[in-house]
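Structural overview
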Amino acid sequence: MTEKIAILLPAYNEEITIQKVITDFKRVLPEADIYVYDNNSKDRTNELARQAGAIVRFESRQGKGNVVRSMFREINADYYIMVDADDTYPADEVQKLLDPLRSGEADMTIGDRLSNGTYAEENKRGFHGFGNNLVRLLVNHLYQGNYQDIMTGYRGFNRLFVKNFPVLSSGFEIETELSIHSLDKRFKLVEVPITYHDRPEGSESKLNTFSDGFKVLCMIFNLFKDYKPLIFFSLVTLFFFILGLIVGVPVVTEFAETGFIAKMPSAILATGFMILAALSFALGFILDTIVRQNRMQYELKIYDYYERNGRK
């Protein structure tokens, strides 16, 4: 049976590059279906995409995460390649992403721009490089990962991953969410070094370094709370416990020496901090049990998927 490959191109005001990207992928993978999801473009992106032979669809909710949600829900294929429509990633290297998926070595493949140094050479936005490194260090440390490139927009997926990935984010945090979810759910990951080229002249990045960077950090924080509640609330417990000690030790010392408590407000505050610490620790245990149960249900869902669809 012939495999079905879908090229996914989220697009917002990419009239300068969209036709070249589509043409390049049609040349390298003539058998693939190329989908362009126009996310409220103000220019001729969708018109030019149609002329180049792509299947054009529209997503009215603004944000890359919303586009990816619709793509994953609506498109059925054996293998998916998601790539930015700004001509920064080479179509000629798409087989590097497909081969580990076909062999079953990976559920998600990641086009790594950083290891070979091409991103550092081509990228003209210094804070983007700093942000990439910060997010990579945080995710690898918090989730015991070994990613080289978290924020890349060039990825491959098999059907198992796409149809079992709950998209929660709405914007550029989607890459971080993909990376963290795959680590938490133990999907097989393969990173492949790819060449990166900066946007051609006249094409502008839609990523705001500071506002979108803040959203990414919030996503890391929220997913850490959701995926690892025992560790998260243990840290909260430690925070309240230390505050309780700082406020309470002088009160206890005074009581031991005099038999009286003169600093009653401090005693009440210290007691409150210790109660909050105990509640936080108990909450962490309860949520950790719920997360374990959800993880077990997710694993059973994956087994059921294999039973119904076979291994792809």
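These numbers were taken from a predicted model, which means no experiment stands behind them. (Residues numbered from 1 in each chain as written. Predicted model: local features only at pLDDT ≥ 70, side-chain atom pairs only at ≥ 80, totals over all residues. Heavy atoms only, no water.)

Looking now at the pairing of strand 4 (residues 79-82). Of the two faces of strand 4, the one holding Y79 and I81 and the one holding Y80 and M82 are both buried throughout. Note that strand 1 (residues 5-11) and strand 4 share four bridges and pair parallel. Residue pairing across strands places I7 opposite I81, the latter belonging to strand 4. Note: strand 4 against strand 6 (residues 155-158), four bridges, orientation antiparallel. Its bridge partner being in strand 6, I81 is matched across the sheet by G156. (Buried < 20%, exposed > 50% of the residue type's maximum accessible area, 1.4 Å probe, protein only. Helix = DSSP H or I, 4+ residues; strand = E, 2+ residues; numbered from the N terminus. Pairing = 2+ DSSP bridges.)

Looking now at the sheet that holds strand 4. Pairing is mixed in the open sheet, where seven strands are placed in the order 3-2-1-4-6-5-7. What marks the edges here is a single partner per strand, and that holds for strand 3 (55-58) and strand 7 (189-193). On average, each strand axis in the sheet is tilted by 20° relative to the strand beside it, whichever way the strands run. Relative to strand 2 (residues 33-38), strand 1 is paired through six bridges, and the arrangement is parallel. Looking at the pairing, L9 lines up with V36 of strand 2. (Axes fitted to C-alpha atoms, helices over the stretch in contact; angles between N-to-C directions.)

Two elements, strand 2 and strand 3, share four bridges in a ladder whose sense is parallel. Bridging from a neighbouring strand, V36 pairs with V56 of strand 3. Between the parallel pair strand 2 and strand 3, the chain is carried across by helix 2 (residues 45-51), and the sense of this crossover is right-handed. (Right-handed = clockwise from strand over helix to strand, strands pointing away.)

Once that is clear, we can look at helix 11 (residues 264-309). Taking 1.5 Å of rise per residue, the 46 residues of helix 11 would be expected to cover 68 Å, and the 67 Å separating its terminal C-alpha atoms lies within 8% of that figure. Of all the residues in helix 11, the buried ones are A267, A270, F273, A277, S280, G284, D288, V291, Y298, I302 and Y305. (Expected span 1.5 Å × (residues − 1).)

Once that is clear, we can look at the domain arrangement of the protein chain. For the protein chain, the assigned domains are domain 1 (5-207) and domain 2 (227-310). Spacing between the C-alpha centres of domain 1 and domain 2 amounts to 38 Å. Taking both sides of the interface into account, the surface hidden between domain 1 and domain 2 amounts to around 1100 Å²; carbon and sulfur atoms contribute 56%. When the buried area of domain 1 at its contact with domain 2 is split by residue, L160, N164 and K185 rank highest and sum to 47% of it. Here domain 1 and domain 2 share one salt bridge between them. Its salt-bridge partner being R295, residue D184 comes within 2.8 Å of it at the nearest N-O pair. Linking domain 1 with domain 2 are four residue pairs in polar contact (both at pLDDT 80 or more). Elements that contribute at least two residues to the side of domain 1 that touches domain 2 include exactly helix 6 (126-143), helix 7 (159-162) and helix 8 (174-184). Among the elements that make up the side of domain 1 that touches domain 2, the one with the highest residue count is helix 8 (three residues). Partitioned by chemical class, the residues of the side of domain 1 that touches domain 2 number six nonpolar, three polar and five charged. (Domains from an automatic or database assignment. Buried area = accessible area lost by both parts, 1.4 Å probe. Salt bridge = Lys/Arg side-chain N within 4 Å of Asp/Glu carboxyl O. Polar contact = N/O pair within 3.5 Å; in protein donor to acceptor, adjacent residues only side chain to side chain. Nonpolar A, V, L, I, M, F, W, Y, C, P; charged D, E, K, R; others polar.)

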